[in-house]
There are 8 protein chains.
Amino acid sequence: MSDARPRVAIIMGSPNDWKVMQAAEQMLDDLEIGSDARVISAHRTPERLTAFLATAEDDGIEVVIAGAGMAAHLAGVTAAHTMLPVLGVPLPGSDLQGLDALLATVQMPGGIPVATFAIGKAGAKNAALFAAAILARKDDTVRERLAKFREAQSAGVPERPPRD
Amino acid sequence: MSDARPRVAIIMGSPNDWKVMQAAEQMLDDLEIGSDARVISAHRTPERLTAFLATAEDDGIEVVIAGAGMAAHLAGVTAAHTMLPVLGVPLPGSDLQGLDALLATVQMPGGIPVATFAIGKAGAKNAALFAAAILARKDDTVRERLAKFREAQSAGVPERPPRD
Amino acid sequence: MSDARPRVAIIMGSPNDWKVMQAAEQMLDDLEIGSDARVISAHRTPERLTAFLATAEDDGIEVVIAGAGMAAHLAGVTAAHTMLPVLGVPLPGSDLQGLDALLATVQMPGGIPVATFAIGKAGAKNAALFAAAILARKDDTVRERLAKFREAQSAGVPERPPRD
Amino acid sequence: MSDARPRVAIIMGSPNDWKVMQAAEQMLDDLEIGSDARVISAHRTPERLTAFLATAEDDGIEVVIAGAGMAAHLAGVTAAHTMLPVLGVPLPGSDLQGLDALLATVQMPGGIPVATFAIGKAGAKNAALFAAAILARKDDTVRERLAKFREAQSAGVPERPPRD
Amino acid sequence: MSDARPRVAIIMGSPNDWKVMQAAEQMLDDLEIGSDARVISAHRTPERLTAFLATAEDDGIEVVIAGAGMAAHLAGVTAAHTMLPVLGVPLPGSDLQGLDALLATVQMPGGIPVATFAIGKAGAKNAALFAAAILARKDDTVRERLAKFREAQSAGVPERPPRD
Amino acid sequence: MSDARPRVAIIMGSPNDWKVMQAAEQMLDDLEIGSDARVISAHRTPERLTAFLATAEDDGIEVVIAGAGMAAHLAGVTAAHTMLPVLGVPLPGSDLQGLDALLATVQMPGGIPVATFAIGKAGAKNAALFAAAILARKDDTVRERLAKFREAQSAGVPERPPRD
Amino acid sequence: MSDARPRVAIIMGSPNDWKVMQAAEQMLDDLEIGSDARVISAHRTPERLTAFLATAEDDGIEVVIAGAGMAAHLAGVTAAHTMLPVLGVPLPGSDLQGLDALLATVQMPGGIPVATFAIGKAGAKNAALFAAAILARKDDTVRERLAKFREAQSAGVPERPPRD
Amino acid sequence: MSDARPRVAIIMGSPNDWKVMQAAEQMLDDLEIGSDARVISAHRTPERLTAFLATAEDDGIEVVIAGAGMAAHLAGVTAAHTMLPVLGVPLPGSDLQGLDALLATVQMPGGIPVATFAIGKAGAKNAALFAAAILARKDDTVRERLAKFREAQSAGVPERPPRD
């Protein structure tokens, strides 16, 4: 949880989702991008969602990452109430292993877009990287950190598989 | 479209959904239950949804039937804003033939229920019959009409398949 | 298991299903709605089902919640023999993780409705909440308890994810 | 529709199912095995099903072929009420193209078996061939006709694909 | 493993399949029907399969139960080489949890039938019960044992779920 | 095809994909955002892809929309070669109706993000809207046009379904 | 159908499969590789398959392409009887659109490999190209023709989508 | 890891994939075929892939086995850059259990083939056996070892399931 001014909101439907969604916070921290993580249920606290979104942009939020499982409506409902870019992360944990959350997030009808990423931690990490790519369009510091991350990531892939 | 006072609201995400959802209206008409059909998009007109739900119960609505396709959030978002029984009808038409709408409607997390029916017209008709079954718990007239429908339905099944 | 007069029947195909279906009983208990839990297999004890349904309404049952797994026929067969509202809960546990039970419950052909909820415990809890919503249409006490539950549920969602 | 004494019952949930299920009758006709085709809905005419099964064995029926679509309960409910071999044919036509009917037919819990065949016409034809294989266990005439069918079938496969 | 003369062959693609398929042997033992369990791989020992089938009927085998996983070809290839009734049991264990084996077993093209049962132990048990139902068409002793099993099974379903 | 300087590249694997992907161009045109549509196959013209990406950013491209079907690798391979935001549109048309393209696009492993949208035209339109939302982070003109589109879109939803 | 000595066998389960499988013949013709197309059903003509395979290698066949639909066993059974490389093409046309054929072909258990390609015509064409890649390992003429095809294919991708 | 000159490259997207992919190396070792295992990510190290492929054929590589999970692009991108036969192994481990990797590998559009094998270890082993089958077309030593393996494999299948 960086001390930097939050520019990315990470919202999730349940505190249990944090075990996956903290991968987004961690990735943003590594890129020194401030974030703000909140629990907001599209179904159980709909007013909290609209209240949050009413001031999010004025509060400095530029991108919203929304993680939810099962019939995952959080990202779509968020996108209905804001023009900020909304990144959806389908969460596993249901009996259908996240296929329900994936389809409920990605299959948005035309008119209100949600940018969707992979089910689970890979998706949470990639949503953070994509938020950085959006910020990098106008912020050279972010762009440089992102470039360094990409270089380090490539360099970190070992040439050979592990032999025990 | 019966002239009776509307007791059941039929809402749908797009005017295109009417070709399926009118099966609900027709079934309610046959049971002489008044209904009110509206187009309300969870994503494109979220304020219209909350405005409608704010007065629905006072307006005499006792059950809401919500039909939507793709990442179908309409029934779930409706259920988040009302304590009326919400019946969800997943609509086909997407490339995934309604599997996306089915999972996005039925897989609601614990706490906010949506009663879900089959994909498409069979689901729209059954949602109407189920609305009648709810009303029949306190309205003997509806109960009698429902009983007559059930009898007629049984009697209408032919004994033999058609020979041309 | 409340001492209140049972108004909701909770039936399930096998005693093993109880580990999921007790979530329905628990939710009804919390709402002080009496329930009656029984094991009735659509396949192994079909006569028990028809005998139970023959007197259920006279015994004060107003809603039936039916949980079953695999080729889950219990809810559909129940709905064929009663005009009471039937709520189906697809159970996981098969190799297909409940997808079979979901489709076998929700895809009812037009004419005999089963209101279907999510696979597993979330579905069992939501079926109980939906049963309460049906009873609330004519019982203000239930309506008030349901309203209190919904308020408490909203208030119970923490603002922030857990930091260890 | 052979004039021979019916030994195989072909039941289906709706008259619309006949366009698929007549493939079973045709195959039985070709093998000179008498059959009796009936429309019996597990959901809309449950009494008709139990009445039929109560006398089926005494009426000379030795095998029941049951075709149904969507949440296909017909074969399973039939098997619950008889010890005759029950052959299930999942029918397409739903938005899910018969995957729902397949799982609702084949995934029977342990204790009450339904022998399941492919979705649609291939399954209807194969159910008829399998009924013949059952009868052939005690009826040499059927066995010989089945053997001739198998030989003719093999011989009828062309060596080369068609060149136009 | 009963001492009775084997009338049912239980074949499986790998010795690992025995942990599931022994449910078929056990059920047949309970019904005092002799069986013969063998490992025969359609892919790795095709000659063993044809050799076995060449004499199976003369050896007294009346029904073949074939269990296999993944791209499960064993039941279909068996059915191609015999006119005996072939019962297919799709086995789980693959990454796709037996969906592959189910489709590879049940979706036989028209002409060569395989009677398919549920994935895993439920299917193995039901295949055994179905084999008994076939034998019961000409063997009253089997019919009586099967009737007793069915009665005992119904009686064994407890009325209430377990309270700890 | 707007005359404005292209800021969004629309690439697709085959000229046949244009019938879907032109929905992205149309939406960008409506928002007066210049775009550049190209056919680039990840498999058949890999060099064309790297050549295009080598200069894309210098050429003024700020977002890449990539549409592909079947084993859709185009968006992922694009993301591997650029730090620009890459938006993936899975295309239908295969026997699996785009489920293959959806999974091949959205399930990117952690490290290289692709923002994925719905299968087909809805996804193409939403990718364009999302591209606009990215540009709007630094371009008030785009933000205003996007706001107007959203308002018009909401206003354009009819209150009632069509009565013929 | 080239006059060249057949080096690749194209076998298929039914003459109806030819409308897809001729894409393999056409591709081989274009590469001037002789092929031999035959109808061989794994289920209806198993002896024809073993007879064909017994002499295939001596007859000059170096690769076998096997196309089949539904519970597609042809490629797997072929691989069980030969050490030649076997290429499987899953065919669509079933209610499950080839997903059954795909899983029945690709999910071969360890020990007997089938190289599997995409469902339908794309898979048939690619199987032919892959057969050429195998032959190219020892035949420079084939290698050169394959290289030319690849070059022409790349060159044939238009730079821009079609504008009408 | 044989000391023989590497003729088969085994590449994989992540060092974690080695726990599955070493089944390919082991099988090749058993057949005394030299192999070279490398970690090459299509997404994180695209240049490493093209550099490897630029010299692979000159370095003596005749077949490439590529294993990857999730949106598995490695095999397809490899095939785009080489005319060597590319064998794809879809890896499990994602929430979708490898269904994503399977479709992302096997559903290649026409023009660039990837020979695909089963998800996981069975697929890795079979890819190695298939590589051997390709080499055997021109190398009698490999052919003989493969024949011996096949014989030993058949002989190693026990006649009976294990009795404890």
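### So, the overall build of chain A
Counting secondary structure elements, chain A contains six helices and five strands. Each helix (α) and strand (β) of chain A, taken in turn from the N terminus, gives the series β-α-β-α-β-α-β-α-β-α-α. Projected onto its principal axes, the C-alpha coordinates of chain A cover approximately 50 × 40 × 30 Å. Each of the 164 residues in chain A was classed as buried or not, and the buried ones make up 68%. Relative to all contacts within chain A whose residues are 6 or more apart in sequence, the contacts with residues 24 or more apart total 70%.

### Quick word on the environment of Thr116 of chain B
Relative to the helices and strands, Thr116 of chain B resides in strand β5 (residues 115-116). With residues up to four places along the chain from it excluded, the contact list for Thr116 of chain B reads Gly88, Pro90, Leu102, Thr105 and Val106 of chain B together with Val106, Val114, Ala115 and Thr116 of chain C.

### Brief notes about the relation of the copies chain B and chain C
Two copies of the chain are present, and they differ by a rotation about an axis and a shift along that axis. The transformation that overlays chain B on chain C combines an axial shift of 0.0 Å with a rotation of 180°, and the residual RMSD is 0.0 Å. In the structure described here, the two chain copies are related by an operation that fits a two-fold rotation axis. Here 100% of the contact residues of chain B are again contact residues in chain C; the copies associate through an equivalent surface.

### With respect to the pairing of strand β4 (residues 86-91) of chain G
All names here are of chain G. Counting buried positions along β4 gives six out of six residues, so the element sits mostly inside the fold. Sheet topology note: the strand β3 (residues 63-69)/β4 ladder contains six bridges and is parallel. Considered in β4, the bridge of Ile65 is made with Leu87. On the question of chirality, the crossover connecting β3 to the parallel β4 by way of helix α3 (residues 74-81) is right-handed. As defined by bridge partners, β4 adjoins strand β5 (residues 115-116) across two bridges and the pair is classed as parallel. For Leu87, the partnering residue across the bridge sits in β5 and is Ala115. Between the parallel elements β4 and β5, the chain passes through helix α4 (residues 99-106) in a crossover that is right-handed.

### A short note on the packing of helix α2 (residues 46-56) of chain F against helix α3 (residues 74-81) of chain F
Residues and elements named next belong to chain F. It is at 10 Å that the axes of α2 and α3 come closest, and there the two elements cross at 45°. As far as their axial angle goes, α3 and α2 are oblique. Pair α2 / α3 crosses with right-handed handedness. Here α2 contributes Leu49, Thr50 and Leu53 to the contact with α3, which in turn contributes Leu74, Val77, Thr78 and His81. Split into classes, the residues belonging to the contact of α2 with α3 amount to four nonpolar, three polar and no charged.

### Digging into the interface of chain B and chain C
If you look at the interface, chain B gives 43 residues, while chain C gives 43 residues. Summed over both partners, the interface of chain B with chain C buries about 3,400 Å², with 61% contributed by carbon and sulfur atoms. In this structure, the connection of chain B to chain C is made through six salt bridges. Taking the shortest distance from any N to any O, the salt bridge between Glu57 of chain B and Arg137 of chain C comes out at 3.4 Å. Sorting the residues of the side of chain B that touches chain C by element identifies α3 (74-81), β4 (86-91), α4 (99-106), β5, α5 (121-135) and α6 (140-155) of chain B as the ones contributing at least two each. When its residues are assigned to classes, the side of chain B that touches chain C shows 28 nonpolar, eight polar and seven charged.

### Some thoughts on unusual backbone geometry
All names here are of chain B. Look at Gln97: it is not a glycine, yet its phi comes out positive at around 55°. In this fold, Gln97 is placed in the loop between β4 and α4. On the basis of relative accessible area, Gln97 is assigned to the buried category, the value being 18%.

### Quick word on empty space enclosed by the protein
Within the structure shown, the criterion is met by 13 cavities of 30 Å³ or more. Of the voids in this model, the largest cavity is the one considered here, and its volume is about 1,000 Å³. Taken together, 38 residues form the lining of the largest cavity, with Leu99 of chain A, Leu99 of chain C, Leu99 of chain E, Leu99 of chain G together with Leu99 of chain H sitting closest to its centre. Only α4 (99-106) of chain A, α4 of chain B, α4 (99-106) of chain C, α4 (99-106) of chain D, α4 (99-106) of chain E, α4 (99-106) of chain F, α4 of chain G together with α4 (99-106) of chain H provide two or more residues apiece to the lining of the largest cavity.

### Things to note about the pattern of salt bridges
For the structure on display, the rule yields 96 salt bridges over all chains. In this structure, Glu62 of chain D engages Lys138 of chain D in a salt bridge whose closest nitrogen and oxygen atoms are separated by 2.7 Å. Placement of Glu62 of chain D in the loop between α2 (46-56) and β3 (63-69) and of Lys138 of chain D in the loop between α5 (121-135) and α6 (140-155) is noted, with a sequence separation of 76 residues between them. The network of salt bridges with common partners includes Arg7, Glu57, Glu62, Lys138 and Asp139 of chain A together with Arg137, Asp140 and Arg143 of chain F.

### A short note on the environment of Ser154 of chain C
Positionally, Ser154 of chain C belongs in helix α6 (residues 140-155). Take Ser154 of chain C: its relative accessible area is 27%, and that puts it in the partly exposed class. Separated by 149 residues in the primary sequence, Ser154 of chain C and Arg5 of chain C place their C-alpha atoms 29 Å from one another. In this structure Ser154 of chain C touches Arg44, Thr45 and Arg48 of chain A, once residues within four positions along its chain are discounted.

### Topic: the side chain of Ser41 of chain E
Here Ser41 of chain E shows up in the loop between β2 (34-39) and α2 (46-56). Setting aside anything within four residues of it in sequence, one finds Ser41 of chain E in contact with Gly13 and Pro46 of chain E.

### Here we look at the arrangement of the chains
No part of chain A reaches chain D; the closest C-alpha pair between them is 15 Å apart. Separating chain C from chain H is a minimum C-alpha gap of 12 Å, and the two share no contact.

### With respect to the environment of Gly123 of chain G
Residue and element names in this part refer to chain G. Among the structural elements, Gly123 can be located in helix α5 (residues 121-136). Exposure remark for Gly123: the relative accessible area of 0% places this residue in the buried category. When the C-alpha positions of Gly123 and Leu87 are compared, they lie 9.7 Å apart, and in sequence the two are 36 residues distant. Beyond its immediate chain neighbours, meaning those up to four positions away, Gly123 contacts Val89, Phe117 and Ala118.

### A few points about helix α6 (residues 140-155) of chain H
In this model α6 of chain H runs 22 Å from its N-terminal to its C-terminal C-alpha over 16 residues, within 8% of the 22 Å that 1.5 Å per residue would give. Within α6 of chain H, the full set of buried residues consists of Val142, Leu146, Phe149, Arg150 and Gln153 of chain H. End-on view of α6 of chain H: buried residues confined to an arc of 100°, all on one side of the axis. Pointing more than 90 degrees away from the buried face of α6 of chain H are the exposed residues Glu144, Lys148, Glu151, Ala152 and Ala155 of chain H. For α6 of chain H, the secondary structure elements touched by its buried residues are α3 of chain G together with β1 (6-12), α1 (18-30) and α5 (121-136) of chain H. Where α6 of chain H begins, one side-chain oxygen reaches toward the backbone nitrogen of Thr141 of chain H, 3.0 Å away; that side chain belongs to Asp139 of chain H.

### Structural notes on the packing of aromatic side chains
Enumeration according to the criterion identifies twelve aromatic pairs over all chains in this entry. Summarising the aromatic geometry, the rings of Phe117 of chain C and Phe130 of chain C are spaced 5.4 Å apart at their centres and angled 55° between planes, so their arrangement reads as tilted. Remark: Phe130 of chain C occurs in helix α5 (residues 121-136) and Phe117 of chain C occurs in the loop between β5 (115-116) and α5; sequence separation between them is 13 residues. Here the two residues Phe117 of chain C and Phe130 of chain C agree in accessibility, since each one is buried. Counting every residue linked through ring pairs, the aromatic cluster contains Phe117 and Phe130 of chain A together with Phe117 and Phe130 of chain F.

Rules used in this analysis
- Residues numbered from 1 in each chain as written.
- Chains lettered and ligands numbered in written order.
- Predicted model: local features only at pLDDT ≥ 70, side-chain atom pairs only at ≥ 80, totals over all residues.
- Heavy atoms only, no water.
- Helix = DSSP H or I, 4+ residues; strand = E, 2+ residues; numbered from the N terminus.
- Buried < 20%, exposed > 50% of the residue type's maximum accessible area, 1.4 Å probe, protein only.
- Contact = heavy atoms within 4.5 Å.
- Least-squares fit on C-alpha atoms with pLDDT ≥ 70 in both.
- Pairing = 2+ DSSP bridges.
- Right-handed = clockwise from strand over helix to strand, strands pointing away.
- Axes fitted to C-alpha atoms, helices over the stretch in contact; angles between N-to-C directions.
- Parallel < 35°, antiparallel > 145°, perpendicular 65-115°, else oblique.
- Left-handed = near helix turned anticlockwise from the far one by under 90°.
- Nonpolar A, V, L, I, M, F, W, Y, C, P; charged D, E, K, R; others polar.
- Buried area = accessible area lost by both parts, 1.4 Å probe.
- Salt bridge = Lys/Arg side-chain N within 4 Å of Asp/Glu carboxyl O.
- 1 Å grid on protein atoms, 1.4 Å probe; cavity = no way out; pocket = protein on both sides within 12 Å on 5 of 7 lines; lining within 4 Å.
- Points joined across faces, edges and corners; volume = space filled by probe spheres on them.
- Expected span 1.5 Å × (residues − 1).
- Arc of directions from axis to C-beta.
- Polar contact = N/O pair within 3.5 Å; in protein donor to acceptor, adjacent residues only side chain to side chain.
- Phe/Tyr/Trp six-rings, centres within 6.5 Å; stacked < 30°, edge-to-face > 60°.

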